[in-house]
Amino acid sequence: MKQELSALIQQALDALKAQGVLPADISPTIQIDRTRDPSHGDLASNVALTLAKAAGKNPRELAALICQALPEATFVKSTDVAGPGFINFFLSEASSQAVVQRILEQGERFGCSDEGKGRKVQVEFVSANPTGPLHVGHGRGAAVGDSLCRLLAATGWDVSSEFYYNDAGAQISNLALSVQARCKGLGPDDASWPEDGYRGDYIKDVASAYMAGEKIDAEDRHVTGAADADDLDAIRDFSVAYLRREQDLDLKAFDVHFDVYFLESSLYESGAVEQTVDTLIANGHTFEQEGALWLRTTDFGDDKDRVMRKREGGYTYFLPDVAYHQNKWQRGFARVINEQGADHHSTVTRVRAGLQALDAGIPEGWPEYVLHQMVMVMRSGQEVKLSKRAGSYVTLRDLIDEVGRDATRYFLVARGPGSQITFDIDLALSQSNDNPVYYIQYAHARVCSVLRKLEEAGGQWQAADGLAQLDRLGEEHEAALLKQLDKYPEVVANAARNSEPHTVATYLRELAGDFHTYYNAHKVLEDDTALRDARLALSVAVKQVIANGLALLGVSAPESM
RNA sequence: GGGGGUAUAGCUCAGUUGGAUAGAGCAACGGCCUUCUAAGCCGUGGGUCGAGGGUUCGAAUCCUUCUACCCCCGCCA
């Protein structure tokens, strides 16, 4: 619709140029916006404002001239010059109502687009090391990352979700030692408890499962407990598999799925890390100092140079990071989006710098990052500290079990990643109406309820009947709904393009609000069957869009509440 | 000291990429269930958009200088 209007304005401008009213050498980009206030029509353009100076006319006068020069079009009912010089467009009822038909025809595909054109995109998120259950921060990453995947898939991208972790580093030896200590009956307060060991109770569970010879099936590995407290290698393998499985269960309960699990250790095994070092050296971006090998990341915008190979010979985590992203590049992803906690933001410049230094033709802004801020957890008015080592943090599973998946997901994805959020457990537990996810789901359930009511009364409704009567939708509340529904595909496209899933949540809140208002003001199941059919069509369209939108957030759309 | 983030109603947050009179929810107050689910609706009150300067027809939004809070700044990941 915006495109059609834009074309009309272009024609008007051309006509004015031909008449000599406008200088021939101007070529403005024509901007069309949705209006906020219904009295401003449905769509508006500011061309007259942007062109006024070049045209040497005052904006309102110019707007009037453009209006007069606009060709007739069936979908435009009227135009108006308003405010400082906006051109307001009032669409014909038929063209506003047509959105209902599009929704009913396209069903769950409504809102989808082909913007990605089948190109490959990867979203890496969560990427927690297997040293403990997932906490709320991981939950936020999971909610945002998974929603991004759904958005990208809906907009025509070939999406691959990826989970990256380390099963071999210092953290993992630490884990193995902790489990071993538990196997031997030690506790965190004993003198011989490993320094920096993991103190959480879950370590005890890992130990007893290991000693019981349990068989562990994680998504990407399978291990049986050797029940030998002296075999540290066996303990390590078992512990990693056990905690990976725990995380899998957390993610499954959250309805989050990964296509690929990628091991940091594989980068060493394949020689990718060595190759990366060699390339960086060959490209002349490195230097040696005090026995360590450095990469001159300051050449690429970093604020200081970084060590790649330590004096004692091992690599810092920075190097596998670069090797890993080179690997992603080689896999042919047009876009890579890394969803991480904001505490990792310093790696952004570093990794990009490393990739530039490879001189492999990787774009400067690649990969993209979505960084989410901390999640503060409150209980009884007090902050619960998130500390893996202390083992006293609130796990994602706790929240899902207590609050429910839908509410947890919605809460974690409904706000911009940049905003710090406070997860108030008492509030979430209190079953109060504070959580807007119910508000949205309720709108969906209400439509289902109306349909059930119709059926109980022996009535029937078919899409075709409703679509034939769309011109009966003349109420103000109906106009507002139609306009809101029409906006949906744009919301999805923008959310996917800008990696902002929370805008979908905001949109759904508005749509649900519009529907509740409408529902209270007008009866759907009218005796007048033509009117009834039209309103049912509109209601079913609302139900469809809510279901589509909630699906993008990974939240269910219940038929009844 | 350097880098990043944030600052909008009492509280939690939106704000359509620079548009018209800045919006929701919660909290407060007042109304609406013999009629499709009241997890709902309607109404009232509540704001120097952190502060100053700049850019222009027009700024919560862009630039700049401050202030406050959070995160990062290791040859840890």
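Conventions we followed
- Residues numbered from 1 in each chain as written.
- Chains lettered and ligands numbered in written order.
- Predicted model: local features only at pLDDT ≥ 70, side-chain atom pairs only at ≥ 80, totals over all residues.
- Heavy atoms only, no water.
- Helix = DSSP H or I, 4+ residues; strand = E, 2+ residues; numbered from the N terminus.
- Buried < 20%, exposed > 50% of the residue type's maximum accessible area, 1.4 Å probe, protein only.
- Contact = heavy atoms within 4.5 Å.
- Areas by Shrake-Rupley, 256 points an atom, 1.4 Å probe, with all protein chains shown as cover.
- Polar contact = N/O pair within 3.5 Å; in protein donor to acceptor, adjacent residues only side chain to side chain.
- Salt bridge = Lys/Arg side-chain N within 4 Å of Asp/Glu carboxyl O.
- Near = heavy atom within 4 Å.
- Nonpolar A, V, L, I, M, F, W, Y, C, P; charged D, E, K, R; others polar.
- pLDDT = per-residue confidence, 0-100.
- Pairing = 2+ DSSP bridges.
- Axes fitted to C-alpha atoms, helices over the stretch in contact; angles between N-to-C directions.
- Core = buried A, V, L, I, M, F, W, Y, C linked by side-chain atoms within 4.5 Å.
- Parallel < 35°, antiparallel > 145°, perpendicular 65-115°, else oblique.
- Left-handed = near helix turned anticlockwise from the far one by under 90°.
- Expected span 1.5 Å × (residues − 1).
- Phe/Tyr/Trp six-rings, centres within 6.5 Å; stacked < 30°, edge-to-face > 60°.
- Lys NZ or Arg CZ within 6 Å of the ring centre and 35° of its normal.

*Asks:* How should I be thinking about the overall build of chain A in this particular structure?
*Replies:* Of regular secondary structure, chain A possesses 20 helices and 17 strands. Judged by the C-alpha coordinates and their principal axes, chain A covers about 85 × 65 × 40 Å. The buried share of chain A, reckoned over its 561 residues, is 51%. Across chain A, contacts joining residues at least 24 apart in sequence account for 71% of those joining residues at least 6 apart. Surface summary for chain A: the accessible area is close to 25,200 Å², and the carbon and sulfur share equals 46%.

*Asks:* How should I be thinking about the environment of D305 in this particular structure?
*Replies:* Position of D305 among the secondary structure elements: in the loop between β11 (292-295) and β12 (306-309). Between the C-alpha atom of D305 and that of H325, which follows or precedes it by 20 residues, the distance is 19 Å. Filtering out sequence-adjacent residues up to four positions away, D305 remains in contact with F287, W294, L295, R296, T297 and T298. A polar atom in the side chain of D305 sits 2.7 Å from the side chain of T298.

*Asks:* What am I meant to see in the pattern of salt bridges here?
*Replies:* When their charged atoms lie close together, side chains carrying opposite charge are able to pair. What the rule picks out here adds up to 35 salt bridges. The residue D217 makes a salt bridge to K215 at a minimum N-O spacing of 3.2 Å. A relative accessible area of 53% means that K215 is categorised as exposed. A salt bridge links D299 to R296, with the shortest nitrogen-to-oxygen separation between them at 4.0 Å. Overall, D299 belongs to the partly exposed group, its relative accessible area being 47%. Salt bridges here are not isolated pairs; linked through shared partners, they connect D146, R150, D255, R405, D406 and R409.

*Asks:* I keep staring at the protein's contact with RNA strand B and nothing clicks. Help me out?
*Replies:* Y317, Y442, S449, N498 and Y519 are the nearest of the 62 residues found near RNA strand B. Backbone atoms, meaning sugar and phosphate, form 58% of the atoms of RNA strand B found within 4 Å of the protein. At a separation of 3.3 Å, a sugar or linking oxygen of RNA strand B approaches a polar side-chain atom of S346. Elements with a minimum of two residues in the surface near RNA strand B: α2 (47-55), β4 (86-91), α16 (436-456) and α19 (502-521). Of the residues belonging to the surface near RNA strand B, the class tally is 17 nonpolar, 28 polar and 17 charged.

*Asks:* Explain the confidence of the model for chain A to me, please; I cannot follow it from the model alone.
*Replies:* Interpretation of the predicted coordinates at a detailed level should be avoided for regions scoring low in pLDDT. Chain-level statistics for chain A give a pLDDT mean of 91 and a share of 97% at 70 or above. Note on residues 386-390: pLDDT under 50 across the span, and 18 contacts to partners over four residues away in sequence or across chains. Interface confidence for the predicted complex, given as ipTM, is 0.95, next to a pTM of 0.94.

*Asks:* Explanation requested: the sheet that holds strand β14 (residues 368-372) in the structure shown.
*Replies:* Each strand in a sheet pairs with its neighbour through backbone hydrogen bonds, running either in the same direction (parallel) or in the opposite one (antiparallel). The strand order across the open sheet formed by five strands is β9-β6-β5-β13-β14, and the pairing between neighbours is parallel. Each edge of the open sheet carries a strand with a single partner, namely β9 (260-263) and β14. Along the sheet, successive strands turn relative to each other by an average axial angle of 25°, direction set aside. As defined by bridge partners, strand β5 (residues 120-124) adjoins strand β6 (residues 158-165) across five bridges and the pair is classed as parallel. When the bridges of β6 are listed, K120 appears paired with D158.

*Asks:* What should I look at first to understand unusual backbone geometry in this one?
*Replies:* In the segment running from W366 into P367, the intervening peptide bond is cis, with an omega of 0°. Summarising the element assignment, P367 is placed in the loop between α12 (346-357) and β14. A positive phi angle, near 60°, is found at A227, a position not held by glycine. Within the fold, A227 resides in the loop between β8 (222-224) and α8 (232-253).

*Asks:* Please clarify how the nonpolar core should be interpreted in this entry.
*Replies:* As a rule of thumb, soluble globular proteins bury nonpolar side chains together. Ranked by internal contacts, the top residues of the largest apolar core, which has 88 residues, are V126, L412 and L485. Take this core: its biggest share by element is twelve residues, from helix α20 (residues 529-553). Discounting residues that sit within four places of it in the chain, L412 has contacts with V136, G139, R140, A143, V144, F254, V375, I421 and F423. Core analysis: the second largest hydrophobic core is formed by 27 residues, I9, I26, A55 and A73 among them.

*Asks:* Any chance you could explain the packing of helix α4 (residues 93-106) against helix α18 (residues 476-498) here in plain terms?
*Replies:* A packed helix pair is summarised by two numbers, namely the angle formed by the two axes and the spacing between the axes. With their axes 9 Å apart at the nearest point, α4 and α18 run at an angle of 55° to one another. Considering their axes alone, α4 and α18 lie oblique with respect to each other. The chirality of how α4 crosses α18 is left-handed. On the side of α4, the interface is formed by S96, Q97, V99, V100, R102 and I103, while α18 contributes L482, L485 and D486. The residue makeup of the contact of α4 with α18, split by class, is five nonpolar, two polar and two charged.

*Asks:* Please explain helix α5 (residues 136-154) as it appears in this structure.
*Replies:* Helical geometry: 3.6 residues make up each α-helical turn, so side chains three or four residues apart lie on a common side. Between its first and last C-alpha atoms α5 spans 27 Å; for 19 residues at 1.5 Å apiece the expected length is 27 Å, and the two agree. Taken across its 19 residues, α5 has 17 buried, putting it largely inside the fold.

*Asks:* I keep staring at the packing of aromatic side chains and nothing clicks. Help me out?
*Replies:* Given two aromatic rings, their pairing is described by the distance between the two centres and the angle made by the two planes. What the rule picks out here adds up to 18 aromatic pairs. Here the aromatic rings of F110 and Y488 are separated by 6.0 Å at their centres, their planes lie at 20°, and the arrangement is stacked. Of this pair, F110 sits in the loop between α4 and β5 while Y488 sits in helix α18, placing them 378 residues apart in sequence. Owing to a relative accessible area of 4%, F110 belongs among the buried residues under this scheme. Summarising the aromatic geometry, the rings of F515 and Y519 are spaced 6.0 Å apart at their centres and angled 45° between planes, so their arrangement reads as tilted. Residue F515 and its partner Y519 are both found in helix α19; the two are separated by four residues, about one turn of the helix. With a relative accessible area of 29%, Y519 lands in the partly exposed category. Linked through ring pairs, F125, F163, Y165, F258 and Y261 together constitute an aromatic cluster. Taking NZ or CZ as reference, R245 lies 5.1 Å from the ring centre of Y242, over its face.

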